[in-house]
Amino acid sequence: MSGRFDGRVALVTGAGSGIGAACAARLAAEGACVGVLDLRAASARGTAAAIRSHGGTAMALTCDVSDEKQVEEAVSTLVASFGRVDVLHSNAAALDPAVYGRDRDLDDLDVAVWDRTMEVNLRGAMLMVKHTVPAMPDGGAIVLTSSVSALVGDTMHAAYGASKAALIGFTRYVATTYGARGVRCNAVAPALVLTPAAQRALSPAQLADKAAERLLPWPCTVEDVANLVAFLACDESRCVTGQTLVIDSGTLAHRPQHAVQQWRNQDSFSSDQGRDAQ
């Protein structure tokens, strides 16, 4: 790797698996000392151990990002070991079945599911920024993980989509508030990332639907997201701030498949009615 983060300290939340683990590994491979933060202690330790096994430097941290005291303690622990923070990648999200799995029909949405989604996805990002920026004496880079769900509507996961949309607005506020200190803030908005968990959760038909939505023949991987996060966190993007970069293999660059299917269904319904009337 190019060593773009030699001598720098990075903190990645939700780093026990998936996108967070890949981003933590990428930053470490390029020279960063990485705080690997996750709600699941064993997962955080696993990612940190994998980084160290490849010659990197990593510290496992356990924290519920929605709890301000825990966030403050985790950041303090990292700073006590490495002196400061240069990069924050706030990636943690409430994706467990008890929350995301119940964020389905808006008519029947449990308010507790809505609240927990906002606590982790939105308040968690705010708390990480609040307690990390003071540890960035020479400026730094913040990357938040949003989603294409923030940019389009759907018939399920309203809480998730709304929380990710709020993160896009929050990105601009952070960039505006801390720009004079040399702190940049951007967001990435992935479409479906084919992690092992996603492949297990989706049926072959659902995976085929996702493939049909893409313009490119290949899906987005965790490594693709890590590439983008590393770019936004390094000096090569030093004039980029307040932006949301979509990484979706072309999913949003054309007419939505949901609407196309609705039109097809409507045409079929109209044709059936016409035949019945004859």
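In what follows, the accompanying structure is described.

About the cut-offs
- The residue numbers shown here count from 1 along each chain, following its written sequence.
- Where local features are concerned, this predicted model is filtered to residues with pLDDT of at least 70; where side-chain atom pairs are given and counted, the filter is 80 or more; whole-chain, interface and lining totals use all residues.
- Note that the side-chain values use all heavy atoms of the structure and ignore hydrogens as well as water.
- Secondary structure counts use DSSP, requiring at least four H or I residues in a row for a helix and at least two E residues in a row for a strand, with both numbered from the N terminus.
- When accessible area is computed with a 1.4 Å probe and restricted to protein chains, residues below 20% of their type maximum are described as buried, those above 50% as exposed, and intermediate ones as partly exposed.
- Put simply, a salt bridge is a Lys or Arg side-chain nitrogen that is within 4 Å of an Asp or Glu carboxyl oxygen.
- By the counting scheme adopted, Arg and Lys are positive, Glu and Asp are negative, and His together with the chain ends is not counted.
- Polar contacts here mean pairs of N or O atoms no more than 3.5 Å apart (in protein, one a potential hydrogen donor and the other a potential acceptor; neighbouring residues in sequence count only if both atoms are side-chain atoms).
- Residues are treated as being in contact if the distance between any of their heavy atoms lies within 4.5 Å.
- The distinction between a cavity and a pocket rests on a 1 Å grid over the protein atoms alone: a 1.4 Å probe fits inside a cavity but cannot get out, while a pocket stays open yet meets protein on both sides within 12 Å along at least five of seven lines, and a residue with an atom within 4 Å of a point counts as lining.
- Grid points are joined across faces, edges and corners, and a volume is the space filled by probe spheres set on the points.
- Put simply, Ala, Val, Leu, Ile, Met, Phe, Trp, Tyr, Cys and Pro go in the nonpolar bin, Asp, Glu, Lys and Arg in the charged bin, and everything else, Gly too, in the polar bin.

1. A word on unusual backbone geometry
(1) Moving on: Although it is not a glycine, H157 sits at a positive phi angle of roughly 60°.
(2) Moving on: Here H157 shows up in the loop between β5 (140-145) and α5 (158-178).
(3) Moving on: Look at H157 and you get buried, because its relative accessible area is 15%.
(4) Moving on: A positive phi is found at S249, a non-glycine position, where the angle reads about 55°.

2. Details of the pattern of salt bridges
(1) Moving on: Here the structure, examined in full by the defined rule, presents 10 salt bridges.
(2) Moving on: One salt bridge in this structure joins R102 and D110, with 2.7 Å as the shortest N-O distance.
(3) Moving on: Given the relative accessible area of 44%, R102 is considered partly exposed.
(4) Moving on: Residue classification places D110 among the partly exposed positions, given a relative accessible area of 32%.
(5) Moving on: A salt bridge links E119 to R116; the nearest nitrogen and oxygen atoms lie 3.2 Å apart. Residue E119 and its partner R116 are located together in helix α4 (residues 111-132), separated by 3 residues, close to a single helical turn.
(6) Moving on: Accessibility expressed as a relative area gives 24% for R116, which makes it partly exposed.
(7) Moving on: Connected through shared salt-bridge partners, R4, R26, E30 and E236 make up one network.

3. Quick notes on the side chain of D248
(1) Moving on: With respect to the element layout, D248 can be found in the loop between β7 (244-247) and α9 (257-277).
(2) Moving on: For the buried residue D248, which engages in no salt bridge, the nearest side chain bearing the opposite charge is R214, 9.2 Å off.
(3) Moving on: Among the polar contacts made by the side chain of D248, one reaches the main-chain amide nitrogen of G250 at a distance of 2.9 Å.
(4) Moving on: A distance of 2.8 Å separates a polar side-chain atom of D248 from the backbone nitrogen of L252.
(5) Moving on: Ignoring sequence-local partners within four residues, the contact set of D248 consists of V148, A191 and R214.

4. A look at empty space enclosed by the protein
(1) Moving on: All told, the structure shown has 1 cavity of 30 Å³ or more when counted by the stated rule.
(2) Moving on: Along the walls of the largest cavity sit T13, V65, S90, N91, A92, V120, N121, G124, A125, T145, K164 and L167, which together make up its complete lining.
(3) Moving on: At the level of elements, α4 and α5 are the ones that each hand at least two residues to the lining of the largest cavity.
(4) Moving on: For the lining of the largest cavity, the element with the highest residue contribution is α4, accounting for 4 residues.
(5) Moving on: Within the lining of the largest cavity, the residues separate by chemical class into 5 nonpolar, 6 polar and 1 charged.

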